[in-house]
Each structure stands twice: as C-alpha cells, then as structure tokens.
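# Coordinate inspection notes
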Amino acid sequence: MKFNRQLDQFAPYRTFDTEGKILMNKNESPFDIPGEIKEQMIDRWKAIPFNRYPPIESLPLRRKVSEKTGVEEGMIIAGCGSDALISDLMHLFEGEYIVTFTPTFSMYGFYAKRRGLKVVEIPLNDAFDIPETLDEEIIARAHSVFIANPNNPTGKLYDDYKIDKILRTGVPVVLDEAYWEFSGKTSLAKLREFENLIILRTFSKAMGLSGLRIGLGFAGKKLMEKWFALKSPYNLNTLSEIAAIEMLEHPETLERNIAFIIRERQRIYEAFREIATESFTNFLLLQADAFDFLYNNGILVQKFRGRLEKHIRVTVGTEYENDRLIRKLEAFLKA
Ligand code: PMP
C-alpha cells in the first residue's frame with residue numbers, strides 16, 4: 001500500500017479535553033438556538049421524507065438568501081460549511097500556488113496543499129494589516145488569493161483600497177466574510193464590478209449553527225456555472241438547509257445576539273487595551289502567554305505557533321463566561 005506523499009505535510013487536528021471547560025476557542029456563538037425556533041425547525045423536519053435526497057442545488061435556501069441579500073440566486077451557492085466551499089475553490093482555477101496574508105485562517109493552506117497547490121504566504125505588517133506595497137506580478141500569476149475580512153485570528157478589517165488593488169490584477173480573489181455580521185461591512189456590492197471576486201459566508205458564527213455545517217458562496221454567473229459543475233451534488237443535507245432557512249426567518253434573534261456580542265467584545269477589549277488588537281469579529285487576539293493558566297482555571301482559548309506563539313485568541317462568550325475570563329486573565333497579568 002502506497003500512501004499519497006503529500007500526507008507528510010498533514011497532522012490530525014489538535015484537540016483538548018473540553019469536559020467542564022468554558023469554551024472560548026472556536027469562535028462559535030455562545031447561544032444555542034432559542035427553544036421555540038428549534039421546535040419550529042423540528043416541525044419542518046418531521047414533514048420531510050428522509051429517504052429522499054436533498055434539493056440538488058439547495059434552491060430553497062438560495063432563494064431565501066437571495067431575498068435577504070438582493071443577490072440573484074444564480075450567483076449563490078450553498079455547501080457543507082464554508083470549509084467545503086474553500087475546498088471546491090482549489091479545483092476551480094489554473095495556477096500553481098495560492099496567496100494568503102498571514103497569520104490567517106489555516107484551512108486555506110490546508111485545502112491548497114491537499115490539492116497539491118503551493119502556498120505563498122505574505123506576512124501582514126506589524127499592525128496585522130496588508131502591506132502597502134505588494135509584488136503584483138506574484139499576485140496576478142496566482143491560482144487565487146484568499147483573504148479573510150475581517151481576518152481570523154487577528155480580528156482586523158482591511159481597507160477597501162487594499163482589496164480593490166488586488167482585485168484589479170484580475171486574479172480570483174476569495175473574500176471570506178465568515179465574521180461580517182460583527183463588522184457590519186460586506187463587499188457583496190462589488191460582485192457587480194469584479195467577475196474575479198468570490199465571497200464566502202457561514203452559518204457557523206453569528207447564526208449559531210456550527211454543528212449543522214452550512215456555508216454560502218457568492219460570485220458572478222460565469223464563475224458560478226463552473227463552480228456548480230464541480231460541486232458535490234448533495235453535500236448540504238436537508239435538515240441543515242431547513243435550519244438555515246428557519247434562522248433567516250428570525251432576524252430579531254440574530255440581531256439581538258450580534259449586538260450583545262459586540263458590546264461584550266468591547267468590554268473585554270477595554271479591560272485589556274494594552275495587549276489587545278481591536279476586533280471586528282466575535283473574538284479578540286491578546287498578547288499574553290496565558291493558554292495553560294486559563295486552561296488550568298477552566299477556560300479553553302486558542303493558542304498558536306510561530307509569530308503568534310505568545311498570543312491567545314478568545315471567543316466572546318456569555319456575560320458570566322466573559323466575567324470569569326476577565327477576572328482570571330487579570331490575575332494572570334498581575335502575577
Ligand atoms: N472562514 C473563517 C475565516 C473561519 O474563521 C472559519 C471558522 N473558524 C471558517 C471559515 C469555517 O466556517 P465553516 O464552519 O462554515 O466551515
């Protein structure tokens with residue numbers, strides 16, 4: 001048996017014992033779906049024949065998203081988490097390498113390497129911003145450029161002129177808006193201007209449906225035709241599709257949760273101004289080597305290797321969870 005040699009570059013996902021811990025490590029929503037909305041989802045699920053495949057192109061969900069965003073349904077694709085869409089995108093273009101601005105979301109590199117593509121990592125500057133001057137030759141020749149905006153794990157939101165400059169090279173640009181609800185800013189309107197722009201969104205963060213794995217992609221029709229041609233046909237299951245539609249029908253719950261998280265994010269930011277990066281997401285990057293201390297005090301956060309070795313990323317939780325985090329981290333910093 002001969003294993004794919006590419007596998008040497010991969011290691012299984014790191015996990016920690018989460019028993020009894022406050023979970024602030026995955027940028028999930030701290031709120032489960034309210035009971036009455038869950039009941040309505042379950043009622044809709046009951047009416048579905050489980051022996052039948054899901055709607056092949058997720059048309060009911062795409063119609064609902066179209067209604068909400070004003071983007072026509074032919075420019076929308078749905079998949080099993082934005083992860084699955086990132087993986088798809090690696091198959092869509094010609095080229096030998098993707099470009100990322102690091103530190104950023106690790107899955108861009110993961111799916112690129114899995115597909116046999118190289119990854120050119122352009123370091124973000126000291127303010128975790130995209131550098132003013134870029135080698136446009138390198139960018140223009142890439143398979144694609146992946147930009148999380150706002151970025152994970154820094155929480156930073158990039159200026160339009162920096163993104164537009166990259167778009168104008170003509171390279172496919174994937175703008176991952178997984179956290180857009182917490183920044184209030186989206187580039188959806190640019191789809192009309194740039195046929196090389198792809199926007200990704202997810203139901204895993206503000207929408208609170210991480211466990212159901214639902215992601216969305218937006219792009220011009222020419223690109224979408226190719227994307228639909230290579231997409232796994234049934235990878236968004238019927239139950240998840242219905243849950244996503246149900247969530248879109250309850251904007252008041254969503255807006256309340258977003259407003260709470262933004263308020264709490266600011267509270268944590270104010271408590272740790274000297275060590276925090278200003279964030280436009282539901283998490284904060286803090287310069288403190290406090291992973292072990294917090295873990296031993298019942299709080300699981302995210303830690304990193306390399307440039308962010310002495311940092312932690314903390315997902316905004318409930319008021320009680322944030323109080324505990326603030327108390328424990330203050331104790332760590334005073335010690
Ligand atoms: N993009 C970014 C920037 C993320 O941080 C994450 C989740 N950590 C994802 C995409 C993945 O989202 P999904 O759950 O839809 O696969």
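Residues numbered from 1 in each chain as written. Predicted model: local features only at pLDDT ≥ 70, side-chain atom pairs only at ≥ 80, totals over all residues. Heavy atoms only, no water.

### Considering the overall build of the chain
What counts, and what does not: The helix count covers DSSP runs of H or I at least four residues long, the strand count covers runs of E at least two residues long, and both are numbered beginning at the N terminus. Relative accessible area decides the class of each residue, using a 1.4 Å probe on protein chains only: under 20% of the type maximum gives buried, over 50% gives exposed, and in between gives partly exposed. We call two residues in contact whenever any of their non-hydrogen atoms come within 4.5 Å of each other. Residue-level accessible areas treat just the shown protein chains as cover; the underlying method is Shrake-Rupley with a 1.4 Å probe. The charge count treats Lys and Arg as positive and Asp and Glu as negative. His and the chain ends do not count. Charged groups are reduced to one reference atom each: NZ for lysine, CZ for arginine, CG for aspartic acid, CD for glutamic acid.
Along its length, the chain carries eleven helices and twelve strands. Projected onto the principal axes, the alpha-carbon positions of the chain cover approximately 60 × 55 × 50 Å. The buried share among the 335 residues of the chain stands at 53%. Sequence-distant contacts, at least 24 apart, represent 72% of the contacts inside the chain between residues at least 6 apart. Working note: accessible area of the chain is about 16,700 Å², and carbon and sulfur atoms make up 50% of it. Between the mean site of the 46 positive side-chain charges and the mean site of the 48 negative ones, the chain shows a separation of 3 Å.

### Here we look at the side chain of Ser279
Rule in force here: Contacts described as polar in this section are N or O atom pairs within 3.5 Å, which, within protein, must combine one atom able to donate a hydrogen with one able to accept it, while residues neighboring in sequence count only if both atoms come from side chains.
Within the secondary structure, Ser279 is located in the loop between α9 (251-271) and β9 (283-286). The exposure class assigned to Ser279 is buried, which follows from its relative accessible area of 2%. At a separation of 2.7 Å, a polar atom in the side chain of Ser279 contacts the side chain of Thr281. When residues no more than four places from it in sequence are discounted, the contact partners of Ser279 are Gly155, Arg265, Gln266 and Leu284.

### Quick word on helix α6 (residues 160-167)
Of the positions making up α6, those classed as buried are Lys162, Ile163, Asp164, Ile166 and Leu167. Taken together, the buried residues of α6 touch β3 (97-102), α5 (136-140), β5 (144-148), β6 (173-176) and β7 (197-202).

### Remarks on the sheet that holds strand β12 (residues 312-315)
In plain terms, the rule: At least two DSSP bridges between two strands are needed for those strands to be called paired.
Spatial strand order, β9-β12-β11: three strands in an open sheet with antiparallel pairing. Each end of this open sheet is capped by a strand with a single partner; those strands are β9 and β11 (302-303). In this structure, β11 lies alongside β12, joined through two bridges in antiparallel fashion. Paired with Lys303 across the two strands is Ile312, which belongs to β12.

### Things to note about the domain arrangement of the chain
Stated precisely, the cut-off is as follows: Bear in mind that the domain bounds are from an automatic or database domain assignment. Buried area adds together the accessible area that both of two parts lose upon being put together, with accessible area traced by a 1.4 Å probe. The classification used treats Ala, Val, Leu, Ile, Met, Phe, Trp, Tyr, Cys and Pro as nonpolar, Asp, Glu, Lys and Arg as charged, and all other residues, Gly among them, as polar.
Taken as a whole, the chain is organised into domain 1 (17-33 + 252-334) and domain 2 (48-248). With centres defined by C-alpha atoms, the gap from domain 1 to domain 2 works out at 25 Å. The interface is formed by 22 residues belonging to domain 1 together with 27 residues belonging to domain 2. Of the roughly 1,900 Å² buried where domain 1 meets domain 2, counting both sides, 66% is carbon and sulfur surface. For domain 1, the biggest contributors to the area lost against domain 2 are Leu254, Phe280 and Arg307; these three give 30% of the whole. Between the two partners, domain 1 and domain 2, sit eight residue pairs in polar contact (both at pLDDT 80 or more). Where the side of domain 1 that touches domain 2 is concerned, the elements lending two or more residues are α9 and β9. Among the elements that take part in the side of domain 1 that touches domain 2, α9 stands out by supplying five residues, more than any other. Among the residues making up the side of domain 1 that touches domain 2, the classes are represented as ten nonpolar, six polar and six charged.

### Examining the packing of aromatic side chains
The test is simple: Working definition: a ring pair exists when centres of Phe, Tyr or Trp rings (six-membered ring for Trp) sit within 6.5 Å. Plane angles under 30 degrees give stacked, over 60 give edge-to-face, the rest tilted. Here, a charge over a ring is recorded when the distance from Lys NZ or Arg CZ to the ring centre is within 6 Å and its angle to the ring normal is within 35 degrees.
What the rule picks out here adds up to eleven aromatic pairs. Considering the side-chain rings of Phe105 and Tyr108, the 5.4 Å spacing of their centres and the 80 degrees angle between planes classify their relative orientation as edge-to-face. Residues Phe291 and Tyr295 carry aromatic rings whose centres are separated by 6.0 Å and whose planes lie at 10 degrees to one another, so their mutual orientation is stacked. Remark: Tyr295 and Phe291 occur in helix α10 (residues 291-296); sequence separation between them is four residues, near one turn of the helix. Look at Phe291 and you get buried, because its relative accessible area is 5%. Three or more aromatic residues joined by ring pairs make a cluster, and in this case those are Phe10, Phe110 and Tyr111. Positioned above the aromatic ring of Phe291 is the side chain of Lys303, whose terminal nitrogen or guanidinium carbon lies 4.7 Å from the ring centre.

### Remarks on the environment of Val120
Inspection of the secondary structure assignment puts Val120 in strand β4 (residues 118-123). Residue classification places Val120 among the partly exposed residues on the basis of a relative accessible area of 27%. Along the primary structure Val120 and Thr104 are separated by 16 residues, whereas in three dimensions their C-alpha atoms are 12 Å apart. Leaving out residues up to four positions away in the same chain, Val120 has contacts with Tyr97, Ile98, Val99, Thr100 and Ile138.

### What about the packing of helix α3 (residues 81-89) against helix α4 (residues 107-114)?
The test is simple: Inter-axis angles, ranging from 0 to 180 degrees, are taken between N-to-C directions of lines fitted to C-alpha atoms, where helices are fitted over the stretch in contact. Roughly parallel means an angle under 35 degrees; roughly antiparallel means over 145; roughly perpendicular covers 65 to 115; every other angle is labelled oblique. We call a crossing left-handed when the near helix sits turned anticlockwise from the far one by less than a right angle, and right-handed when that turn is clockwise.
Across the interface, α3 lies against α4 with an axial gap of 9 Å and an inter-helix angle of 45 degrees. By the angle between their axes, α3 is oblique relative to α4. For the crossing formed where α3 meets α4, the hand is right-handed. Contact residues: Asp83, Ile86 and Ser87 in α3; Met107, Tyr108, Tyr111 and Arg114 in α4. Of the residues in the contact of α3 with α4, the class split is four nonpolar, one polar and two charged.

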